[in-house]
Amino acid sequence: MVDMEETAVEQEITSPLLIKVQDMLNEEKWTRAALSNYSTSQFKELDVLLKEARDEKVYDELKKLSDEHLVHTKNSIIALYFSGMIALSRQLIDDAVLVNLVTIFVDNHKWGIVRYLCEGILEYGESKFALRTLADCCKNENEEEPIIEIWERLVKVDFEEADITKSLAEHYEKLGDIETALDYYKKALHRYINRGTFTNVREVWAKIIEFCPEDVDFFLHVEKRIAKNISEEKAVLLLQDVYQSCKKRNEIETSIGILKLILQYDDRDSLARREITECFRLKYAAHSQLEEYIRISNLTQNWRNVREAITDFEKHISFDKGSFVFHRTWGVGRISSIAGDDIAVDFAKKRGHSMSLKMAVNALQTLSKGHIWVLKATQKKEALHDRVKEEVAWALKTVIKSFGNCCDIKRIKAELVPSVLSAGEWTAWNTKARDILKSDPGFGVASNNIDLFTVRDRPISIDEKLYNEFKAERNFFDRVATMRSYEAMKEAELDSEFFGEMLSYFSAYLRSYTLVNEQIIASYLLLRDLGARHPRFAASLPDFAELFSKIDDVNGLFLNLKDSKLKEEFLRQIKLFIPSWADIYVRLFPHVMLPSIITSLEKEGCDDKIAQMIQSCYENYRDNREAAVWFFKNAKKEAWFEKAGINFEKRIITLIYILDITYRDIDNHRDTTENRKINKQVYTVLFKDRVLESFIGSADSDTLVRIYTLIEDVKDLDPADKLKLRSIIQEHDPDFKFADTERKTSRALLATSLKYEEKQQQLAHLMDVEVPANSKEIAFALSLGDLRENAEYKAAKERQDILNSTITRLKDEIERAQIFDPATVNADRVSFGTTVTLVNSGGAEETYTILGPWESDPENGVISYLSPFGAAMINKKNEESFYFIFDQSNKENKISYTVKSIEKASVK
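Residues numbered from 1 in each chain as written. Predicted model: local features only at pLDDT ≥ 70, side-chain atom pairs only at ≥ 80, totals over all residues. Heavy atoms only, no water.

## Regarding the overall build of the protein
When its secondary structure is counted, the protein shows 44 helices and 14 strands. Computed over the C-alpha atoms, the radius of gyration of the protein is 43 Å, more than 25% above the 29 Å expected from 2.2 N^0.38 for a compact globule of 908 residues. Principal-axis analysis of the C-alpha atoms gives the protein an extent of 120 × 110 × 65 Å. The buried share of the protein, reckoned over its 908 residues, is 47%. (Helix = DSSP H or I, 4+ residues; strand = E, 2+ residues; numbered from the N terminus. Rg over C-alpha atoms; globule rule 2.2 N^0.38 Å. Buried < 20%, exposed > 50% of the residue type's maximum accessible area, 1.4 Å probe, protein only.)

Structure, rendered in structure tokens:
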């Protein structure tokens, strides 16, 4: 059976190179060459064959031949090498073949070949397996110097490797390079935390405190991860080490902050309670009421909740002579004296105001000397204005620190405008401020809200700043953008723990899933792209075809990918790995309308599929209305569109249908925003771009009937547009017979806003005054009895019928009314809202204003656009002539008119 299969394979091979390889594979199999016979020179010969295969473009055939051979001879050295190296050159993630090959020689201690194979793998990009194996190779050959370089490369691509990272730190510590050692110790610390090995964490933690005790922000950042990944109890143990270090350096403020954090984890920690009390004594040693406030707050009494006691103490201790305070009625003041339980405060308009300490604690808010309210109250406005305007960073820090070191742009503006800066000055100032907040390492963002800014006591690196923004983002695709920004920075360290944590965030989406959503696909695409551009980040990712098979709604997922780069990459992956990619593209296009989809289909010769898609979009225009509009606007000159055979009349008619259904959907409050957008696009094409007018100019009578009938049935279209269309048709075909002359152009009624208000007032008067009065008349008449001879009753009922008829008519007219906008008047043609001067056949001038039936006043030269004479004038231009028959019984009595001038009428 094997011989028959091999013979079949041989029969398919035509390339001399492949025939040679087939012979080599057979010889290897039949002679069963011993591993001891292999040397690096033989692999160099195989490399020559690989180059020839690449030049002859038979790479795929060579891999197929090797893979088929491995089915029957799984440890074939030649087949393993060819298959593995070709896969590697194609950036395929599965490296099992090469791992198997290298392992065979490792097990047989052929270190020279192992080195050659690993170095060959690394030529295509960093590989954790190859680097680790190469380091072992150096150890076995007693080569110590290259190991350090290999380890450094390894820890850059393997974010889980902690022990080697620690060994590198110890190596550089011995060399006296503390800066590099510290960098590796920090990396090792993060990795041990991820691993959850506290013994290693504490050992490295102690080293970092030894070499960099002042980097408190780093310790506070890391302790949160320790509390989360290991335990809060272990985090407290490590914070105690940091506290002792700060205490030795006499950093009291920092020491207090760390002790507060310890007490948040364990409020019964008596040692931390005693220590924070002593720290407060050191900080406020000069305060006149220090011991009294410690006593009042019960700070030293274990029965009192420690956090409540600290809050109480800090409220009281802020009250001292010279301290600034704020009262919601009297504003900013300054404590002038404290005597026992009495406090005296000088406010601007209430000096020497006295109150008890208890009342002061509840009624007053203490302010620092640098608080923005204090500055506005104590400094000259001009001086403060100049400093805020010139020193933007200082102003930002001042305002942010004034409000708990957490502030958004809205609050900053409220504090500065108009009290310090004018509204006009704010615009330019705000631009500078946003740039500073983004780039200055002295500012950060709140951990739970990217819109809230903080001031950093110690400047942070740009990469940490971006990482903090990444954590604060709540939207997935905003995090994608932030990670891209991080990667794009020249000074960003891609092997830093910050970048590693970003990678972990996206990697987590690919660890377990049943249905695939946009976050999972986006994570896959992002990580794949990163691995392609930076091979050291290449990770074992799921098979795209497998992921794709678990997508429930491809169209919906694509629309939810809120990133254009990810959308294009998603399309590329579909084309590469999904056999039915063209059908998927065809289903996607009507929803996304990306030109790149058409380009790909056309390039691959899928003209028939494109034509079928276009035909389907026009046949099912209700569901594909946006696509039909897109085709009309963007594809009319494209060859692939012409092949679909959609004539121009059908395209126009489809747009009219879409205009109608979008009006109806808007009226029914169905997808209003989307329908308004499509409706506006169609209206612009048909009327503003004069596409419909141009089409009518070349249409035959049957086509005119179809177009006019369809436009007439668009209920919510502006009557002026219908009138204009009617005039254009008459101009093009004077003998054209409109199907429903009496109906005019629409049930809609154009009216001025003044008349519309009059009609509404008239209706309101009828319903609110006339109808109730009539009801009383009827009730009174009924009280008279004997309805047969009751003249009052009959008169009242007749009045009721008249009122009901009038109200019904008014309601109908008001409902149909469309208020005319004077700003839309175009004096190039006669239209609603214009005043036209005519010269009749006798040479006399006649002037008319064209308005609606409500405004019609023929005696004063105001005529309705719906009247026969008004309709005859509509759409006429200057110097244009026309005839009109006033007496329809005498058809020969035609009067000739010529338009002398057209002006905008003065209407409201």
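## Some points on the packing of aromatic side chains
Under the defined criterion, the tally for this structure stands at 48 aromatic pairs. A network of ring pairs unites the aromatic residues Phe-470, Phe-476, Phe-477, Tyr-505, Phe-506 and Tyr-509 as a single cluster. In this arrangement the basic side chain of Lys-186 is found over the ring face of Phe-218, its NZ or CZ atom lying 4.7 Å from the centre. Over the aromatic face of Trp-581 sits the side chain of Lys-575, whose NZ or CZ is 5.2 Å from the ring centroid. (Phe/Tyr/Trp six-rings, centres within 6.5 Å; stacked < 30°, edge-to-face > 60°. Lys NZ or Arg CZ within 6 Å of the ring centre and 35° of its normal.)

## A word on the environment of Val-106
Mapped onto the fold, Val-106 is located in helix α6 (residues 96-107). Residue Val-106 is classed as partly exposed on the basis of its relative accessible area, which comes to 23%. C-alpha of Val-106 to C-alpha of Cys-137: the two residues are 31 residues apart in sequence and 8.5 Å apart in space. Beyond its immediate sequence surroundings of up to four residues, Val-106 is in contact with Trp-111, Val-114 and Thr-133. (Contact = heavy atoms within 4.5 Å.)

## A short note on the sheet that holds strand β4 (residues 353-356)
Read across the sheet, five strands follow the order β4-β3-β2-β1-β5 without closing on themselves; strand pairing throughout is antiparallel. Each edge of the open sheet carries a strand with a single partner, namely β4 and β5 (365-367). For this sheet, the mean angle separating the axes of adjacent strands, direction not counted, is 40°. With four bridges connecting them, strand β1 (residues 324-327) and strand β2 (residues 331-339) associate as antiparallel partners. When the bridges of β2 are listed, Val-325 appears paired with Gly-333. (Pairing = 2+ DSSP bridges. Axes fitted to C-alpha atoms, helices over the stretch in contact; angles between N-to-C directions.)

## So, the environment of Asp-553
Along the chain, Asp-553 turns up in the loop between α29 (544-549) and α30 (554-560). Here Asp-553 falls in the partly exposed class, since its relative accessible area comes to 43%. Linking Asp-553 and Val-516, residues 37 residues apart in sequence, is a C-alpha distance of 9.3 Å. At 3.3 Å, the side chain of Asp-553 and the backbone nitrogen of Asn-555 are in polar contact. (Polar contact = N/O pair within 3.5 Å; in protein donor to acceptor, adjacent residues only side chain to side chain.)

## Considering the pattern of salt bridges
Within this structure, the stated rule accounts for 48 salt bridges. Asp-665 is the partner of Arg-625 in a salt bridge, and the nearest nitrogen-oxygen pair spans 2.9 Å. In this pair, Arg-625 is assigned in helix α35 (residues 625-634) and Asp-665 in helix α37 (residues 648-667), connecting sequence segments 40 residues apart. The exposure classification of Arg-625 matches that of Asp-665, with both residues buried. The network of salt bridges with common partners includes Arg-132, Asp-158 and Glu-161. (Salt bridge = Lys/Arg side-chain N within 4 Å of Asp/Glu carboxyl O.)

## Some thoughts on the nonpolar core
Grouped together as the largest cluster of nonpolar side chains are 115 residues, with contacts concentrated most on Phe-43, Phe-105, Leu-189, Trp-205, Phe-313 and Phe-319. By size, the runner-up hydrophobic cluster in this structure holds 99 residues, among which are Leu-588, Ile-658, Tyr-663 and Leu-692. (Core = buried A, V, L, I, M, F, W, Y, C linked by side-chain atoms within 4.5 Å.)

## Some thoughts on the sheet that holds strand β13 (residues 881-885)
The sheet built from five strands is open, its strands ordered β12-β11-β10-β14-β13 with mixed pairing. Of all the strands in the sheet, the pair left with one neighbour each is β12 (862-864) and β13. Strand-to-strand twist in this sheet, taken as the mean axis angle between neighbours without regard to direction, amounts to 45°. Note: strand β11 (residues 845-851) against β12, three bridges, orientation parallel. Residue Thr-849 lies in a different strand from β12, and its bridge partner there is Val-862.

## A short note on empty space enclosed by the protein
With the rule as written, the count across this model stands at one cavity of 30 Å³ or more. Each pocket or cavity is described by its volume, and for the largest cavity that value is around 40 Å³. Looking at the largest cavity, the residues that line it are Met-483, Arg-484, Glu-487, Leu-526, Asp-529, Leu-530 and Arg-533. For the lining of the largest cavity, the element with the most residues is helix α28 (residues 518-533), which contributes four residues. Partitioned by chemical class, the residues of the lining of the largest cavity number three nonpolar, no polar and four charged. (1 Å grid on protein atoms, 1.4 Å probe; cavity = no way out; pocket = protein on both sides within 12 Å on 5 of 7 lines; lining within 4 Å. Points joined across faces, edges and corners; volume = space filled by probe spheres on them. Nonpolar A, V, L, I, M, F, W, Y, C, P; charged D, E, K, R; others polar.)

## Section: the packing of helix α11 (residues 178-195) against helix α12 (residues 198-211)
Helix packing geometry: the angle between the two helix axes and the distance between the axes. Where α11 contacts α12, the two axes come as close as 9 Å, and the packing angle between them is 150°. As summarised for this structure, α11 and α12 are arranged roughly antiparallel, according to the angle between their axes. Once α11 is placed against α12, the crossing between them reads as left-handed. Every residue of α12 that contacts α11 at Ile-178, Leu-182, Tyr-185, Lys-186, Leu-189, Tyr-192 and Ile-193 is listed here: Asn-200, Val-201, Val-204, Trp-205, Lys-207, Ile-208 and Phe-211. Each residue belonging to the contact of α11 with α12 can be placed in one class, and the counts come to eleven nonpolar, one polar and two charged. (Parallel < 35°, antiparallel > 145°, perpendicular 65-115°, else oblique. Left-handed = near helix turned anticlockwise from the far one by under 90°.)

## Points about the side chain of Arg-651
Its place among the elements puts Arg-651 in helix α37. Summary of buried charges: Arg-651 has no salt-bridge partner, and the nearest side chain of opposite charge, Glu-642, is 4.1 Å away. With residues near it in sequence (within four places) discarded, Arg-651 still touches Tyr-618, Phe-632, Lys-636, Phe-641, Glu-642 and Ile-646. (Lys, Arg positive; Asp, Glu negative; His and termini not counted.)

## Re helix α42 (residues 753-783)
Because an α-helix completes one turn every 3.6 residues, residues spaced three or four positions apart along the sequence face the same direction. Under the 1.5 Å per step criterion, the end-to-end length of α42 is 44 Å for 31 residues, consistent within 8% with the ideal 45 Å. The sharpest bend along α42 reaches about 35° and sits at Leu-766. Residues of α42 that are buried include every one of Tyr-756, Lys-759, Leu-763, Leu-766, Asn-774, Ile-778 and Ala-781, and no others. Close packing links the buried residues of α42 with α43 (791-816) and β9 (817-819). (Expected span 1.5 Å × (residues − 1). Bend = angle between axes of the 7 residues up to and from the residue.)

## Overview of the packing of α35 against α37
Remark: α35 packs on α37, axes separated minimally by 10 Å, with the N-to-C direction vectors making an angle of 140°. The orientation of α35 with respect to α37, classified from their angle, is oblique. In this structure, α35 crosses over α37, and the sense of that crossing is left-handed. Where α35 approaches α37, its residues Arg-625, Ala-628, Val-629 and Phe-632 are matched on the opposing element by Phe-648, Arg-651, Ile-652, Thr-654, Leu-655, Ile-658, Ile-661, Thr-662 and Asp-665.

## Quick notes on the confidence of the model for the protein
Any residue range with low pLDDT should be treated as having predicted coordinates unsuitable for detailed reading. Chain-level statistics for the protein give a pLDDT mean of 86 and a share of 93% at 70 or above. Overall, residues 1-11 carries pLDDT values under 50, and its contacts beyond four positions in sequence, including any with other chains, amount to nine contacts. (pLDDT = per-residue confidence, 0-100.)

## Some remarks on unusual backbone geometry
Cis geometry is adopted by the peptide bond preceding Pro-418, which originates at Val-417 and carries an omega value of 5°. Its place among the elements puts Pro-418 in the loop between α23 (409-416) and α24 (423-439). Unlike most non-glycine residues, Asn-875 shows phi in positive territory, near 75°. Relative to the helices and strands, Asn-875 is located in the loop between α44 (868-873) and β13. Asn-875 gets classed as buried once you look at its relative accessible area, which sits at 5%. One non-glycine residue, Glu-879, lies in the positive phi region at around 70°. With respect to the element layout, Glu-879 can be found in the loop between α44 and β13.

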